[in-house]
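# Examination of the molecular architecture
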Amino acid sequence: MADYDVIVIGAGCGGLSAASILASQGRKTLVLEQSDHVGGCCSTFEKEGYHFDVGASIVEEIQPTEIAFEMLGTKFQDEVDLIDVDPMMSFIYKDGSKVTYPLSVEGTAEVIAKMSPEDGEAFRRFSKYFEGFTEVLMKGFFVSPATSLSDMARLVFNTPALMKYLPLFAKTYQEVLTSYFKSEAVQRTMAYQSLYLGLPPELVSGLFALLPYSEHEGIWYPRGGMVQIPLAFQRCGEKFGMEVRLDTEVVQVLVRNKRAAGVLLGDGTEITADIVVSDINAIKLYLDMIPQDQLPWLARVGMKSYEYSKSVPMVYVGLDYEPPLEAHHSIIASSMEEVNDYWYNNAKKGRLPEKMFGLICWPTMSDPALAPEGHHALNLIPEGFYDLAGTDWDAEKQPFVERTIEDLDSYAIPGLKEHVTITDCATPMDFERRLLMPKGAIYDIQEDLTEQTIFRPSARSKSIKGLYLVGNSTHPGGGVPTVIASGIIASKLIDRYE
Ligand SMILES: Cc1cc2nc3c(=O)[nH]c(=O)nc-3n(C[C@H](O)[C@H](O)[C@H](O)COP(=O)(O)OP(=O)(O)OC[C@H]3O[C@@H](n4cnc5c(N)ncnc54)[C@H](O)[C@@H]3O)c2cc1C
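In what follows, the accompanying structure is described. The shown structure was predicted, so the numbers you read here are calculated from the model rather than taken from an experiment.

### Observations concerning the sheet that holds strand β15 (residues 329-332)
Within the open sheet, the 7 strands sit side by side as β8-β7-β15-β16-β17-β14-β18. Their pairing is mixed. Edge positions in the sheet fall to β8 (98-101) and β18 (420-426), since each of these pairs with one other strand and no more. Direction aside, neighbouring strands of the sheet carry axes that sit 20° apart on average. Two strands pair when backbone bridges link them, and strand β7 (residues 89-92) and β8 are joined in this way by 4 bridges, in the antiparallel orientation. Opposite M89, over in β8, you have Y101 as the bridge partner. With respect to the sheet, helix α15 (residues 393-411) is in contact with β7, β14 (314-319), β15, β16 (358-361), β17 (376-382) and β18, its orientation differing from that of β18 by roughly 130°.

Laid out in structure tokens, this is it:
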């Protein structure tokens, strides 16, 4: 008899949501986490009284998370104190001026109308269209398995409203947005979001033009930091007997007769299980952690064909003043051309941009208790990438932090430089070392259409029986709500097949 029914590798939100649901179904479940904390990219650390989020900085699209907690017999809102985030986003222009969109669609339409009356009206139409699309996605797509063509056929059959949105497949993100919005100032508030997927506006599918709308459906920040979400899954799972072991690295998945049989730990210990669930990068799982003679050659070729997703550096800043920002999230307003240009001339060539380009998160606007009284914390997410031409992140880290602060001080956050009390930084190389994320890839695998749904590594392994995938690497891809959805999907598949 195996030591456990289920072993889950990795205590990210994907791993913990799957593990807690499986434990609630009566399966003896063990979660193994190589670091000293749960949550992976969705966690929070403390430094000199400031609390910084490691990666993810807000939650949106909470329906999958609500479903997951319902499966655990509780409510998301009862387990995590969610603070409403409003305004939704502030945009900072190069002259230091700011445009801030409230959460409400109507309020945003009015702000946009001041820049361009016709675009204000267009925003109402745009929101109506994407509200319908978001509803369709949330009801079926996000929490349904996509392991085969028949799954996809079932999904479309059960969600006929999806058909209405098929024309989006034929367009790019940029084409959809520029068909609605004509003013460059307005387009500057929507171009950058394509990089959430790791690609520029002219390469992202038109489906994702929903991004500048989706946050209007609601954004929340967990009181106490993002780590409260994985901690809630851990707490709920432990009530059903789920065990979590920290500082425990898995180095190999044991496979007997093409069936997962357990794991081998870094210290040489073997733990057996009937089912193994992986919450780690699928390329690494299949190519480094499974004996290659147990894998069909096609599976090896398939895995090698995947591209790693984007990576980013994070700069964490403690301040002894209130930064002159207008929202929990601010973006450096950028035109479609600037974002495309960044992709081709910086990211693709390994050249860091001269100016900070990206997202500013101000968690202490929502939860002041995350910093000492009168102080604030900022998490800066400048665009960056793993491979740098002629240098590496260990050499670039300190100058990069200084340049980022200097640049923001010059127009976006006046006074910043004088009020910095502490800084810290996690570069893509640090993410790789600390969370064992190859190339610091924040969604493991690229998020373009050819690497989505049935083209992404399957949640139920096609090569190894009893092996299931959750997290960034499998459908529906990267992001806190989506990896939690993957936990629900894995639990459904395990229920069906095991
Ligand atoms: C900078 C940044 C900003 C982001 N912003 C947002 C945001 O605002 N909103 C949003 O929704 N999403 C955001 N994301 C994405 C989101 O954080 C991730 O998609 C999600 O948290 C990934 O969860 P996961 O469970 O798939 O993996 P991870 O969080 O990566 O967890 C995997 C876990 O596995 C462990 N592990 C790895 N290898 C082993 C091994 N061999 N043995 C044992 N354990 C192992 C790791 O230590 C880690 O804890 C952001 C990500 C980053 C990095």
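### Structural notes on the side chain of S463
Relative to the elements of secondary structure, S463 occurs in the loop between α16 (428-435) and β19 (467-469). Assessed through its relative accessible area of 15%, S463 is described here as buried. Sequence-distant contacts of S463, that is, excluding residues within four places in its chain, are made with K258, Y286, L295, P296 and A299.

### Topic: a nonpolar patch on the surface
Taken together, the side chains of V156, M163, L166, F169 and L449 present a nonpolar region at the surface, about 410 Å² in accessible area. One can find L449 in the loop between α16 and β19. On the basis of relative accessibility, which here comes to 31%, the residue L449 falls in the partly exposed class.

### Observations concerning the packing of aromatic side chains
On inspection of all chains with the given rule, the structure shows 22 aromatic pairs. Centre to centre, the rings of F45 and F52 are 5.6 Å apart; their planes meet at 40°, and the pair counts as tilted. Residue F52 is classed as buried on the basis of its relative accessible area of 0%. Aromatic pair Y50 and F52: ring centres 6.1 Å apart, planes at 20°, arrangement stacked. Geometry around Y4 places K28 over its ring, the cationic atom sitting 4.7 Å from the centre. Over the ring of Y497 we find R460, and its NZ or CZ is 3.6 Å from the ring centre.

### A word on the side chain of E60
Topologically, E60 is positioned in strand β5 (residues 59-60). Looking at E60, its side chain comes within polar contact range of the side chain of S214, at 3.3 Å.

### A look at helix α2 (residues 63-71)
Within α2, burial applies to P64, T65, A68 and F69. Along the axis of α2, the buried positions cluster into a sector of 135°, meaning they face one direction only. Turning to α2, the residues buried within the fold contact α1 (13-24), α3 (76-79), α5 (117-139), α10 (228-239) and α17 (480-497). Among the residues trailing α2, G73 stands out with phi positive, at a value near 80°.

### So, the packing of helix α7 (residues 173-180) against helix α13 (residues 336-347)
At a closest axis distance of 12 Å, the pairing of α7 and α13 adopts a crossing angle of 170°. Classified by the angle their axes make, α7 and α13 are roughly antiparallel. Contact residues: α7 offers Q174, L177 and T178, while α13 offers M336, E337 and N340. Of the residues assigned to the contact of α7 with α13, the class counts are 2 nonpolar, 3 polar and 1 charged.

### Quick notes on the site of the ligand
Lining the immediate surroundings of the ligand are 37 residues, of which E33, Q34, N472, G479 and V480 lie closest. Q34 places a polar side-chain atom, nitrogen or oxygen, 2.7 Å from an oxygen atom of the ligand. The separation between an oxygen atom of the ligand and a polar side-chain atom of D279 is 2.8 Å. Counting residues per element, the ones that place at least two in the shell around the ligand are α1 and α17. Considering each element in turn, the shell around the ligand owes the most residues, 3 residues, to α17. For the shell around the ligand, the per-class residue count stands at 21 nonpolar, 13 polar and 3 charged.

### Digging into the environment of A412
Residue placement: A412 occurs in the loop between α15 and β18. The exposure class assigned to A412 is buried, which follows from its relative accessible area of 0%. C-alpha of A412 to C-alpha of F91: the two residues are 321 residues apart in sequence and 9.6 Å apart in space. Apart from the residues lying within four places of it in its own chain, the contact partners of A412 are I92, K98, P324, L325 and I332.

### Some details on the state of the cysteines
Counted by the stated rule, this structure contains 0 disulfides. Counting only cysteine sulfurs, C42 is the nearest neighbor of C361, a cysteine outside any disulfide, at a range of 13 Å.

### A look at the pattern of salt bridges
Inspection of the entire model under this criterion finds 19 salt bridges. Among the salt bridges present, the one from D81 reaches R223, with a minimum N-O distance of 2.7 Å. Of this pair, D81 sits in the loop between α3 and β6 (82-84) while R223 is found in the loop between β9 (219-222) and α10, placing the two residues 142 residues apart along the sequence. For R188, the salt bridge is made with E184, and the minimal N-O distance between the two is 3.0 Å. Classification of R188 by relative accessible area gives buried; the value is 14%. Using a relative accessible area of 41% as the deciding quantity, one classes E184 as partly exposed.

Conventions we followed
- Think of each chain on its own: its residues are numbered from 1, step by step along the sequence as written.
- Selection of residues for local features in this predicted model requires a pLDDT of at least 70, selection of side-chain atom pairs for listing and counting requires 80 or more, and totals for whole chains, interfaces and linings are taken over all residues.
- Working from all heavy atoms in the structure, the side-chain values ignore hydrogens and water.
- Two strands form a pair only when DSSP identifies at least two bridges running between them.
- Secondary structure follows DSSP: runs of H or I at least 4 residues long count as helices, runs of E at least 2 residues long count as strands, and numbering of each begins at the N terminus.
- Axis lines are fitted to C-alpha atoms, over the contacting stretch for helices. Their N-to-C directions set the angle, which ranges from 0 to 180 degrees.
- Only heavy atoms enter the contact rule, under which two residues are in contact if any of them lie within 4.5 Å.
- Working definition: with a 1.4 Å probe on protein chains only, accessible area under 20% of the residue-type maximum means buried, over 50% means exposed, and in between means partly exposed.
- Within this analysis, patches are made of residues with over 30% relative accessible area and no salt bridge. Like charges are joined at 9 Å or less; nonpolar side chains (Val, Leu, Ile, Met, Phe, Trp, Tyr) at 5 Å or less.
- Shrake-Rupley sampling with a 1.4 Å probe provides the accessible areas, and residues are treated as covered by the protein chains on show and by no other component.
- Salt bridge, as used here: a side-chain nitrogen of Lys or Arg that lies within 4 Å of a carboxyl oxygen of Asp or Glu.
- The aromatic pairing rule takes the rings of Phe, Tyr and Trp, using the six-membered ring of Trp, and pairs them if the centres are within 6.5 Å, calling planes under 30 degrees apart stacked, those over 60 edge-to-face and the rest tilted.
- The rule is short: NZ of Lys or CZ of Arg within 6 Å of the ring centre and within 35 degrees of the ring normal puts a charge over the ring.
- N or O atoms within 3.5 Å of each other form a polar contact, as long as, within protein, one can give a hydrogen and the other can take it, and as long as residues adjacent in sequence are counted only when both atoms are side-chain atoms.
- What the arc covers is the set of directions going from the helix axis to the C-beta atoms.
- Here is the rule for angles: anything less than 35 degrees is roughly parallel, anything more than 145 is roughly antiparallel, 65 through 115 is roughly perpendicular, and the remaining ranges are oblique.
- Ten residues, namely Ala, Val, Leu, Ile, Met, Phe, Trp, Tyr, Cys and Pro, are considered nonpolar, four, namely Asp, Glu, Lys and Arg, are considered charged, and the remaining ones, Gly among them, are considered polar.
- Residues are counted as near a molecule or strand when any one of their heavy atoms sits within 4 Å of it.
- Working definition: a disulfide is two cysteine sulfur atoms within 2.5 Å of each other.

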